[in-house]
Amino acid sequence: MSSLSTPASRPADHGGPGPLLVVLDPAAKQTDGESVRIAKDVLCGGADVKVVLPQSPSELDRVLSHRGRRRPVVIGSDQALQRVLQALHRQRELGADPVGVVPVGRAAATGAVRALGVPAEPVAAARAVLGGSPRKLDLLVDDGGGVVLAEVRIGPPRPGDGLSRSAGLRSLWAKFAAAEQAKVSAAELRIEADGRLLVDLHQPVRLVRVVPVDGVLELTLRLGGAPQRHRVASLSVAGRHFGYEADGARIGPVRARTWTMHAGAWELLLPAG
């Protein structure tokens, strides 16, 4: 792990933010090094900051478990924030301190964080870390140790996902293959919510979408007709090697997965007012 020196950091003024542990996503430096530098400058100018660059899950666990009074702040993508929340959840420290985040990366890679109310611009996001207000948020936690900020989705690929921009036989074949694979996977899903069977293996499923809303899971199912909507606390899906998206990131294939709602499980620093 790299621990980066930050000569510009200073102790926080009386009544200002406490000391910060800034967890820098290595991918963020490669994607947009200038935004990373700007965010660090703003944070270091307003608080006592220690910047770390963990290279593995075990190093991330170690720096978070030894952070002391430092409040964790992530500079990076949705997945970078997910990794920090997962580590805090494993350590039973998820709700101990509000978490700050400065989104850096492509729009698709930071969409979940921005949807939660974090400013997209690095200066505004860093100022929210320094002077914002913590807001309690829900979190989906799965039985594989993963966390979800905004959405779980099982179904056919979104338009353009994984396909070349150029039209042609290769793109047409990719679309056809993806559609056929989605049909096979969907037809073999068994879905239970709060222990109650909603869909068995013989029922074709076109889409499963789960979003945390007001302390529960808002579940949308598309079978053959109109969409079904349910509000539940947990969702279990089983099938033959199905994949899914968590906040836009593709995961799997897996044979089974259960998601459970943790209402108000963590706090995110957002702009005051």
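This text gives an overview of the structure that appears in the document. Predicted model, so just to flag it, every value in this text is computed and none were measured.

## Some remarks on the overall build of the chain
Summing up its helical and strand segments, the chain has 7 helices and 15 strands in all. Counting across all 273 residues of the chain, residues that qualify as buried make up 43%. Relative to all contacts within the chain whose residues are 6 or more apart in sequence, the contacts with residues 24 or more apart total 69%. Carbon together with sulfur atoms contributes 51% to the accessible area of the chain, which is approximately 13,700 Å² in total.

## Details of the side chain of Ser 77
Within the secondary structure, Ser 77 is located in the loop between strand 4 (71-76) and helix 4 (78-90). The exposure class assigned to Ser 77 is buried, which follows from its relative accessible area of 13%. Those residues in contact with Ser 77 that sit more than four places away from it in its chain are Asp 25, Val 104, Ala 109 and Thr 110.

## Considerations on helix 3 (residues 57-65)
The periodicity of an α-helix, 3.6 residues per turn, causes residues three or four positions apart to be oriented the same way. For helix 3, the complete set of buried residues consists of Glu 59, Leu 60, Val 63 and Leu 64. All buried residues of helix 3 lie within an arc of 130 degrees about the axis, which places them on one face of the element. For helix 3, the elements touching its buried residues are strand 2 (20-24), strand 3 (49-53), strand 4 and helix 4.

## Examining the side chain of Asp 25
With respect to the helices, strands and loops of the structure, Asp 25 is situated in the loop between strand 2 and helix 1 (26-31). When neighbours within four sequence positions are excluded, Asp 25 is seen to be in contact with Leu 53, Ile 75, Gly 76, Ser 77, Ala 80 and Arg 83.

## Brief notes about the nonpolar core
Counting 50 residues, the largest nonpolar core has Leu 20, Leu 43, Ile 75, Leu 85, Leu 139, Leu 149 and Trp 266 as the members making the most contacts within it. Here this core gets 6 residues from one element, more than from any other, and that element is helix 4. Setting aside residues up to four positions removed in sequence, Ile 75 forms contacts with Val 22, Val 23, Leu 24, Asp 25, Ala 28, Val 36, Ala 39, Lys 40, Leu 43, Val 102 and Val 104. Counting 25 residues, the second largest nonpolar core, distinct from the first, contains Ile 191, Leu 217, Leu 219 and Leu 223.

## Examining helix 6 (residues 122-131)
Among the residues making up helix 6, those that are buried are Pro 122, Ala 125, Ala 126, Ala 128, Val 129 and Leu 130. Buried residues along helix 6 sit in contact with strand 2, helix 2 (33-46), strand 4, strand 5 (100-103) and strand 15 (249-270). Backbone nitrogen of Val 123 and a side-chain oxygen of the N-cap are separated by 3.1 Å at the start of helix 6; the cap is Glu 121.

Rules used in this analysis
- Residues numbered from 1 in each chain as written.
- Predicted model: local features only at pLDDT ≥ 70, side-chain atom pairs only at ≥ 80, totals over all residues.
- Heavy atoms only, no water.
- Helix = DSSP H or I, 4+ residues; strand = E, 2+ residues; numbered from the N terminus.
- Buried < 20%, exposed > 50% of the residue type's maximum accessible area, 1.4 Å probe, protein only.
- Contact = heavy atoms within 4.5 Å.
- Areas by Shrake-Rupley, 256 points an atom, 1.4 Å probe, with all protein chains shown as cover.
- Arc of directions from axis to C-beta.
- Core = buried A, V, L, I, M, F, W, Y, C linked by side-chain atoms within 4.5 Å.
- Polar contact = N/O pair within 3.5 Å; in protein donor to acceptor, adjacent residues only side chain to side chain.

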